[in-house]
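# Summary of the model geometry
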Amino acid sequence: NTTGTKGIYTNQDNTTIKNCNIQNFSYAILFDGATNGKITNTSVNTTISVTDTWETKYGLGANFPAAIAIFNSSFNNLSNLTAYNYRGSGIVIAINSYWNNASWLNVTSEQDAAFNIACTSGYNIVSHASLKCKTTGFLDQTWGANINGGFNNQYINFTSTAQHPLNLEARAIVTGK
């Protein structure tokens, strides 16, 4: 697969992705404007560096992709997922995304937050998650869990292995280890 490609892209309501193994895309899964969807029992592995990323798309200046990205999307359920990203977030919920639930996750990132909630997104819940960021030292984004620019988001019953296990830059509720 080539730079800038998406394994599965949807802007449709009620999209279900189940029992998939998706590898070597810039975005393994991208929901952009999708509502009431489900991603379950799925494994994604993203190793391609890209220039067309969610941060550049929305004028945020950074250049990191996400293995699973939920943008402008609400009321989606993500469960029983394994996500790996070499150069970006494992999973990101961002850009006006509300009331999404993500649970029973194993997420690893080499060079950014394992799980990132950002950019005016709210009421999202991440629970029963193992979050790992392997990078140390040279990047600021060495977080397992990150909330940046959202509100009323929650990380519940999670573990985070990273140089900085948790980064909060907005009002948030956090419980767990």
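Quick summary incoming for the structure in this document. From a predicted model like this one, the values you see are computed outputs, not experimental measurements.

### As for the overall build of the chain
Across its full length, the chain carries one helix and 15 strands. Burial statistics for the chain: of 177 residues in total, 50% are counted as buried. As displayed, the chain has an accessible area near 7400 Å², and 48% of this comes from carbon and sulfur atoms.

### So, a nonpolar patch on the surface
Residues F75, W99 and Y123 make up a contiguous nonpolar surface patch of about 310 Å² in total accessible area. Within the element layout of this structure, W99 appears in the loop between strand 8 (89-94) and strand 9 (101-109). For W99, a relative accessible area of 44% gives the class partly exposed.

### Some thoughts on the packing of aromatic side chains
Counted under the stated rule, the structure contains five aromatic pairs. For the ring pair Y98 and F151, a centre distance of 6.0 Å and an interplane angle of 45 degrees mean the geometry is tilted. Here F151 lies in the loop between strand 12 (143-148) and strand 13 (153-161) and Y98 lies in the loop between strand 8 and strand 9, a separation of 53 residues in the sequence. Looking at Y98, the relative accessible area reads 25%, which means it is partly exposed. When the centroid spacing of 4.4 Å and the interplanar angle of 10 degrees are considered together, the rings of W99 and Y123 count as stacked. Here W99 is found in the loop between strand 8 and strand 9, whereas its partner Y123 is found in the loop between strand 10 (115-118) and strand 11 (125-133), with 24 residues between them in sequence. Ring pairing ties together the aromatic residues Y98, W99, Y123 and F151, which thus form one cluster.

Scoring rules and cut-offs
Residues numbered from 1 in each chain as written. Predicted model: local features only at pLDDT ≥ 70, side-chain atom pairs only at ≥ 80, totals over all residues. Heavy atoms only, no water. Helix = DSSP H or I, 4+ residues; strand = E, 2+ residues; numbered from the N terminus. Buried < 20%, exposed > 50% of the residue type's maximum accessible area, 1.4 Å probe, protein only. Areas by Shrake-Rupley, 256 points an atom, 1.4 Å probe, with all protein chains shown as cover. Patch = residues over 30% accessible without salt bridge, like charges linked within 9 Å, V, L, I, M, F, W, Y side chains within 5 Å. Salt bridge = Lys/Arg side-chain N within 4 Å of Asp/Glu carboxyl O. Phe/Tyr/Trp six-rings, centres within 6.5 Å; stacked < 30°, edge-to-face > 60°.

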